[in-house]
Amino acid sequence: TLFDADRYADLEARYKAQLAANPKDLAALNALIQVYSRWERWDDALAQLIRRTELQASDAEAQYAVGAFIWSRLFQRGGGADKEAASRRSVRRCC
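The text that follows walks through the structure, step by step, so that each part is easy to find. (Residues numbered from 1 in each chain as written. Predicted model: local features only at pLDDT ≥ 70, side-chain atom pairs only at ≥ 80, totals over all residues. Heavy atoms only, no water.)

1. Here we look at the overall build of the protein
Put simply, the rule reads: Helical segments are the DSSP runs of H or I of at least four residues, strand segments are the runs of E of at least two, and each set is numbered from the N terminus. Throughout, exposure labels follow a simple rule: accessible area from a 1.4 Å probe, protein chains only, divided by the maximum for the residue type, with under 20% read as buried, over 50% as exposed, and the rest as partly exposed. By definition in these notes, contact holds between two residues if any of their heavy atoms fall within 4.5 Å. Note on areas: Shrake-Rupley, 1.4 Å probe, and residue coverage restricted to the protein chains presented here.
Looking only at helices and strands, the protein features 5 helices and 0 strands. Seen in sequence order, the protein has helices and strands lined up from the N terminus as α-α-α-α-α. In the protein, buried positions account for 33% of the 95 residues. Contacts spanning at least 24 positions in sequence make up 35% of the contacts within the protein whose residues lie at least 6 apart. Of the roughly 6,400 Å² of accessible surface on the protein, a fraction of 50% belongs to carbon and sulfur atoms.

2. Overview of helix 4 (residues 60-76)
Let me state the cut-off plainly: Under the convention used throughout, the expected extent of a helix is 1.5 Å for every residue step, that is, one less than its residue count. Directions drawn from the helix axis to the C-beta atoms are what define this arc. Any pair of N or O atoms that falls within 3.5 Å is considered a polar contact. Within protein, one atom must be able to donate a hydrogen and the other to accept it, and sequence-neighbouring residues count only if both atoms are side-chain atoms.
The end-to-end C-alpha distance of helix 4 is 24 Å, a good match for the 24 Å that 17 residues give at a rise of 1.5 Å each. Looking only at helix 4, the buried set comprises A62, A65, V66, F69, I70 and R73. What you see down the axis of helix 4 is that its buried residues fit within an arc of 125 degrees, all on one side. Facing away from the buried side of helix 4 by more than 90 degrees, the exposed set consists of A60, E61, Y64 and W71. Structurally, the start of helix 4 carries an N-cap: the backbone nitrogen of E61 is 2.9 Å from a side-chain oxygen of D59. Note on helix 4: the residue one or two positions beyond its end, G78, has a positive phi of about 100 degrees.

3. As for the pattern of salt bridges
Rule in force here: In the sections that follow, a salt bridge refers to a side-chain nitrogen of Lys or Arg positioned within 4 Å of a carboxyl oxygen of Asp or Glu.
This model, assessed by the stated rule, comprises 4 salt bridges. Linking D44 and R41 is a salt bridge whose minimum nitrogen-to-oxygen distance equals 2.7 Å. By relative accessible area, which is 27% here, D44 ends up partly exposed.

4. Looking at unusual backbone geometry
Phi at E40 is positive, roughly 60 degrees, even though this residue is not glycine. Following the sequence through the fold, E40 ends up in the loop between helix 2 (26-38) and helix 3 (42-55). For E40, a relative accessible area of 56% puts it in the exposed group.

5. A word on the side chain of Q48
Structurally, the position occupied by Q48 is in helix 3. Residue Q48 is classed as buried on the basis of its relative accessible area of 13%. Among all residues touching Q48, those that are not within four sequence positions of it are L29, L32, I33 and Y36.

6. Let's talk about the nonpolar core
Threshold: Each nonpolar core is a collection of buried residues, namely Ala, Val, Leu, Ile, Met, Phe, Trp, Tyr and Cys, held together in the definition by side-chain atoms within 4.5 Å.
Core analysis: the biggest nonpolar cluster contains 21 residues, and L11, Y15, V35, L49 and F69 have the highest contact counts within it. Of all the secondary structure elements, the ones that give two or more residues to this core are helix 1 (8-21), helix 2, helix 3 and helix 4. Per-element accounting of this core gives the leading share, 7 residues, to helix 2. Residues in contact with V35, not counting those within four places in the same chain, are F3, Y8, L11, E12 and Y15.

Geometric values such as these leave the question of function open.
Okay, structure coming up:
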């Protein structure tokens, strides 16, 4: 697959084209989030997660996913329960 071959640019183009044709295509949006995550383009992944929350404003799971993503990135970069007093600037630049 394109994922296995690390052809992230091809996948990004494919899913962006699908979203251009149908901006509410959640399957394409979720796939794009996966592409950015595996490509380690954290800011882009977060932006698409936030976009998903805008499309699914009443979906608590979509809202939770944004927080879980930010927490995960902070934790991977050395943050944890003992660092929960991180500044807002650190949270915004987590990715």
